[in-house]
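Structural overview
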Amino acid sequence: MRKLIIITLFFYQSVFAQTSINLSRLNWLPKSHSFWVQEQGSLNLYDATKLAEKKTFLDAAQIQLAGFQGVVASVVWNNSQDKILIFTNTKKVWRANTKGDYWFFDLSTGKGKQIGKSFPASSLMFAKISPDGKSVAYVSSHNIYLESLATGKVTQLTKDGTNRIINGTFDWVYEEELMCRDGFRWSPDGKSIAFWRVDARKTKNHLMINNTDSLYSFIVPVEYPKAGERPSEVKIGVVNILTKQTVWQKIPGEADNNYLPRIEWNSKNELLVVQMNRYQNELNLYKTEPSTGKANLLFKEKSDTWVDMFDPSAWEYDAFPFKTIENGAAFLWNSDTDGWMHIYKISADGKTKELITTEPFDAYFQAFNEVNNTVYFVASPTDATQRYLYETNLTTKITKRLTPASFEGTNSYKFSTDGSFARHNNSNINRNPNSRLISTQNHEKIFPYSPDVFTKPSRNFTLEKFKVKTVDNIEIDGIMAKPMNFDSTKKYPLFFFAYGEPGGAEANDEPDFHPYIEQLIPRGYIGIKMDNRGSPLLKGREWRKSIYKKIGVINSRDQAMAAKEILKWKYIDPERVAIHGWSGGGAMTLNLMFRYPEIYKTGIAISAVTDQRFYDNIYTERYMGLPQDDPDAFNQASPITFAKNLKGNLLYIHGTGDDNVHYKNAEVLINELIKQNKLFTVMPYPNRTHGINEGQGTSQHLVKTFLKYIEDHCPPGAK
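Everything numeric in this text was worked out from a predicted model, so none of it was measured. (Residues numbered from 1 in each chain as written. Predicted model: local features only at pLDDT ≥ 70, side-chain atom pairs only at ≥ 80, totals over all residues. Heavy atoms only, no water.)

Overview of the sheet that holds strand 11 (residues 143–148)
Overall, antiparallel pairing links the four strands, which are arranged 9-10-11-12 in an open sheet. Lying at the two open borders of the sheet, with one neighbouring strand each, are strand 9 (125–129) and strand 12 (154–156). This sheet shows a mean twist of 20 degrees between the axes of neighbouring strands, independent of strand direction. Bridging between strand 9 and strand 10 (residues 135–140) involves three bridges; their strand directions are antiparallel. Across the sheet, Ile129 pairs through a bridge with Val136, a residue of strand 10. (Pairing = 2+ DSSP bridges. Helix = DSSP H or I, 4+ residues; strand = E, 2+ residues; numbered from the N terminus. Axes fitted to C-alpha atoms, helices over the stretch in contact; angles between N-to-C directions.)

What about the pairing of strand 36 (residues 461–469)?
Taken together, the nine bridges between strand 36 and strand 37 (residues 475–483) define a ladder with antiparallel strand orientation. Note that in strand 37 the partner of Lys467 across the bridge is Asp477.

Quick notes on the nonpolar core
It is characteristic of soluble globular proteins that their nonpolar side chains tend to be buried jointly. Judged by nonpolar contacts, the single largest core of 59 residues is most densely connected at Tyr174, Leu271, Leu283, Leu285 and Phe322. Looking at this core element by element, the count peaks at five residues for strand 21 (residues 271–277). In contact with Leu271, not counting residues within four places along its chain, are Ala194, Ile236, Val238, Gln249, Ile263, Glu264, Trp265, Tyr286, Lys287, Thr288 and Pro290. Ile528, Ile599, Tyr663 and Leu669 belong to the second-largest nonpolar core, a separate cluster that totals 43 residues. (Core = buried A, V, L, I, M, F, W, Y, C linked by side-chain atoms within 4.5 Å. Buried < 20%, exposed > 50% of the residue type's maximum accessible area, 1.4 Å probe, protein only. Contact = heavy atoms within 4.5 Å.)

Re a nonpolar patch on the surface
Side chains of Leu207, Ile209 and Ile219 sit close together on the surface and give an oily, nonpolar patch of about 280 Å² of accessible area. Mapped onto the fold, Ile219 is located in strand 17 (residues 218–223). (Patch = residues over 30% accessible without salt bridge, like charges linked within 9 Å, V, L, I, M, F, W, Y side chains within 5 Å. Areas by Shrake-Rupley, 256 points an atom, 1.4 Å probe, with all protein chains shown as cover. Salt bridge = Lys/Arg side-chain N within 4 Å of Asp/Glu carboxyl O.)

So, the layout of surface pockets
The volume enclosed by the second largest pocket comes to roughly 880 Å³. Lining the second largest pocket are 32 residues, and of these Arg95, Glu176, Ser583, Asn660 and His690 sit closest to its centre. Among the secondary structure elements, those contributing two or more residues to the lining of the second largest pocket are helix 3 (172–178) and helix 7 (617–624). For the lining of the second largest pocket, the element with the highest residue contribution is helix 3, accounting for four residues. (1 Å grid on protein atoms, 1.4 Å probe; cavity = no way out; pocket = protein on both sides within 12 Å on 5 of 7 lines; lining within 4 Å. Points joined across faces, edges and corners; volume = space filled by probe spheres on them.)

Notes on the pattern of salt bridges
By the definition in use, this model includes 37 salt bridges. The shortest N-O distance in the salt bridge between Lys287 and Glu270 comes to 3.9 Å. Here Lys287 is found in strand 22 (residues 282–288), whereas its partner Glu270 is found in the loop between strand 20 (258–265) and strand 21, with 17 residues between them in sequence. Under the relative-accessibility criterion, Lys287 is labelled partly exposed at 25%.

Here's the deal with the packing of aromatic side chains
Under the defined criterion, the tally for this structure stands at 36 aromatic pairs. Centre to centre, the rings of Phe87 and Tyr102 are 4.7 Å apart; their planes meet at 25 degrees, and the pair counts as stacked. Taken together, the positions of Phe87 in strand 6 (residues 83–92) and Tyr102 in strand 7 (residues 97–106) put the pair 15 residues apart, joining distant regions of the chain. Across the pair, Tyr102 and Phe87 agree in class, each one buried. (Phe/Tyr/Trp six-rings, centres within 6.5 Å; stacked < 30°, edge-to-face > 60°.)

Quick word on the sheet that holds strand 2 (residues 34–39)
In space, the four strands of this open sheet follow the order 1-2-3-4, with antiparallel pairing throughout. Looking at strand neighbours, the two that pair on one side only are strand 1 (27–28) and strand 4 (50–58), the edges of this open sheet. Sheet topology note: the strand 3 (residues 42–47)/strand 4 ladder contains four bridges and is antiparallel. Bridge pairing in strand 4 links Leu45 to Lys55.

What to know about the environment of Gly110
Relative to the helices and strands, Gly110 resides in the loop between strand 7 and strand 8 (111–115). Overall, the relative accessible area of 7% leaves Gly110 in the buried class. Non-local contacts of Gly110, meaning those with residues more than four positions away in its chain, are made with Leu58, Gln62 and Phe105.

Quick look at the packing of helix 5 (residues 554–566) against helix 6 (residues 584–595)
Working note: a packed helix pair is described by the angle between its axes plus the distance between those axes. Taken N-terminus to C-terminus, the directions of helix 5 and helix 6 make an angle of 65 degrees; their axes are 10 Å apart at the nearest point. When the interaxial angle is binned, helix 5 and helix 6 end up roughly perpendicular. Here helix 5 runs over helix 6; the crossing is right-handed. Note on element contacts: helix 6 touches helix 5 through Met588, Asn591, Leu592 and Arg595, opposite Asn555, Ser556, Gln559 and Ala560. A per-class count over the contact of helix 5 with helix 6 returns three nonpolar, four polar and one charged. (Parallel < 35°, antiparallel > 145°, perpendicular 65-115°, else oblique. Left-handed = near helix turned anticlockwise from the far one by under 90°. Nonpolar A, V, L, I, M, F, W, Y, C, P; charged D, E, K, R; others polar.)

Let's talk about the pairing of strand 23 (residues 295–302)
As paired elements, strand 22 and strand 23 share seven bridges and run antiparallel to each other. Bridge pairing in strand 23 places Thr288 opposite Ala295. Linking strand 22 back to strand 23 in an antiparallel pair, the connection comprises six residues, with Gly293 at a positive phi of about 85 degrees.

Let's talk about helix 10 (residues 698–713)
Compared with the 22 Å implied by 1.5 Å per residue over 16 residues, the 23 Å span of helix 10 between its first and last C-alpha is a close match. Along helix 10, the positions that sit buried rather than exposed are Thr698, Leu702, Val703, Thr705, Phe706, Leu707, Tyr709 and Ile710. Looking at the buried side of helix 10, the elements it contacts are strand 38 (492–497), strand 40 (572–582), strand 41 (602–606), strand 42 (649–655) and strand 43 (681–685). (Expected span 1.5 Å × (residues − 1).)

Focus: empty space enclosed by the protein
One pass over the full model with this rule turns up five cavities of 30 Å³ or more. Of the volumes computed, that of the largest cavity is approximately 90 Å³. Surrounding the largest cavity, Glu177, Leu178, Met276, Gln280, Trp306, Val307, Asp308, Met309, Phe310, Pro312, Arg622 and Tyr623 form its lining. Broken down by secondary-structure element, the contributors of at least two residues to the lining of the largest cavity are helix 3 and helix 7. The residue inventory of the lining of the largest cavity, partitioned by class, reads eight nonpolar, one polar and three charged. Lining the second largest cavity are Trp306, Asp308, Pro312, Pro502, Gly534, Ser535, Pro536, Arg544, Lys545 and Tyr623. Along the lines of polarity and charge, the residues of the lining of the second largest cavity split into five nonpolar, two polar and three charged.

A word on the side chain of Asp509
On the secondary structure map, Asp509 appears in the loop between strand 38 and strand 39 (526–531). Looking at Asp509, the relative accessible area reads 2%, which means it is buried. One polar contact links Asp509 to Lys465, side chain to side chain, over a distance of 3.2 Å. Ignoring sequence-local partners within four residues, the contact set of Asp509 consists of Thr385, Gln386, Gly409, Thr410, Ser427, Asn428, Ile429 and Lys465. (Polar contact = N/O pair within 3.5 Å; in protein donor to acceptor, adjacent residues only side chain to side chain.)

Thoughts on the environment of Asn210
Its place among the elements puts Asn210 in strand 16 (residues 205–210). Between the alpha carbons of Asn210 and Pro686 there is a distance of 7.8 Å; along the sequence they are 476 residues apart. The residues touching Asn210, leaving out its near neighbours within four places in the chain, are Ser217, Phe218, Val220 and Asn687. There is a polar contact of 3.0 Å between the side chain of Asn210 and the backbone nitrogen of Thr212.

A look at unusual backbone geometry
Phe447 connects to Pro448 through a cis peptide bond whose omega is -10 degrees. Here Pro448 shows up in the loop between strand 35 (444–447) and strand 36. Phi is positive for Gln40, close to 50 degrees, though the residue is something other than glycine. Examined against the element boundaries, Gln40 turns out to sit in the loop between strand 2 and strand 3. Its identity is not glycine, yet Ser607 carries a phi of approximately 50 degrees, on the positive side. Assignment of secondary structure puts Ser607 in the loop between strand 41 and helix 7. On the basis of relative accessibility, which here comes to 0%, the residue Ser607 falls in the buried class.

Shown next as structure tokens:
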């Protein structure tokens, strides 16, 4: 037996030595464990169970023969996986490049052609092949079109699309806050298409001004619903492909006072629709009859804060939050109603609800394997800075950790659509990211065959993890960066990096710290980043949702009280303490500078929300409610309320073309600081957006400005 094993291993070693796959380019196919990778200009297909059998489904010569000369951004497959669309020549819409050109290829012949040629270049969105493989649907200029693959005939399915009537995709706020981009779905029988229609005509414009790109300034309007303003009217239509008639689905409630963030067809050609009320503390799952629009309520969940429709640490676009299992008899759903984020199995009629993950820790759903009836989820039972993969078998009810102990740190998984394989990425503060392909059965590695190699980051500073307990008895996790020549007998300036809102966590067990601050650490700084209550750590419902109606209050107090404990460390210089944050972190920086001036002496706030009323309604109202309901809560949450307390050195940076956090935030703050006779520094970047990275030399200038301000006002070096 031992000899046989050795021979078998030698065989696989020889096979895999001939197989070189770039796992970072892995893209899983629908309903399978096959994946495609672009290699040397060709598109290759692999079956995870037979990796040595590479299949080139479209070679470079075939692609070029069709006239295609662009870069393959993505591939869209049909159900039978014998036809594809290649997405190319992409352009940015809001955060991502979701417009471009599409090329159709019949894999049985290798022949291809461009579709949508009558439309402007790079204007098509979310093209999909019909279930019968005879046509392609896509969006252009906010209308949905159908193109015959045989004749090239184009049929317009919606006709009212304008810059404010949006069919088949979404406006800025739905994409930004509800993770919605792709706005239509083919029915399984191919006879109809369900789509979103957003009517933003009543939503007011926020006006930005462009002073640099022409002789005369011009206005740049941005359709933007601010906190307290009613949402745009959104409804779901189902258009019949033969009759071209649309039936609007009759979802209860006011169309302009609710959200419809997700839809999905079931196997019976019925439509599942997720609705959330405006406060986002109630979620309803409806099943509709597409031909009549009649809606039946299947499931409802309520919260005294907000309902999480998706994992706030993952930010996955367009993912349906309910996983259908058992041939449609039930679905899986994540809920924190019992205090932990647990997975529940709910019957298709919504009448029974069974707790699947019973352990006292958060469990975020990742995938389901029908063959072995197993649910996979990520959890952090003992260390919130880390992530590990677990499984629960629905038959045996046994739960176990799958990620081996050797992969300490942060682990992420990109699962095959059937849940049987995954690309596994691992890293920690002292280990570079590394990847492998695994079978989810016992976390068995199948590629590469060679042993895992863990390398240390090449950097001129060290990272370590720590915990502090505040005066409020709150335990805070942190990551600390130190110079290589750190001397504990001397005192160092302290530089905090903070975010602190429900949109993300910073103190993760990963090898990077902060791209700007990393440059300062070797010059003699201690860098710190911490996560406060309200951040999306796997620490339970109370940790995440205690921030409700207290943004700017509870999160800044946690940061400040933790900072006070750190200032007790003998190697910290309390007179040289700096803080930086961007966006929500910019608001955090201002709150800390204004509320706790005795701690923070220097701050750089970038693209900050200075008044909570100025930000969009979906994000703000989810965590704060409506400003008209509780004006005082909004006053207490807004940094501008406390600007009068500024004592230290403040550099405020903002792009005037920011369509996310508008430059209005900067000017209103500037006015208030002037009124309060406070001295400060401002660096505006003309027409730059929220990331401040457009234009020649912008990024370099921003970094240089950032570093110089810190060194001038919070001098480096141990003393």
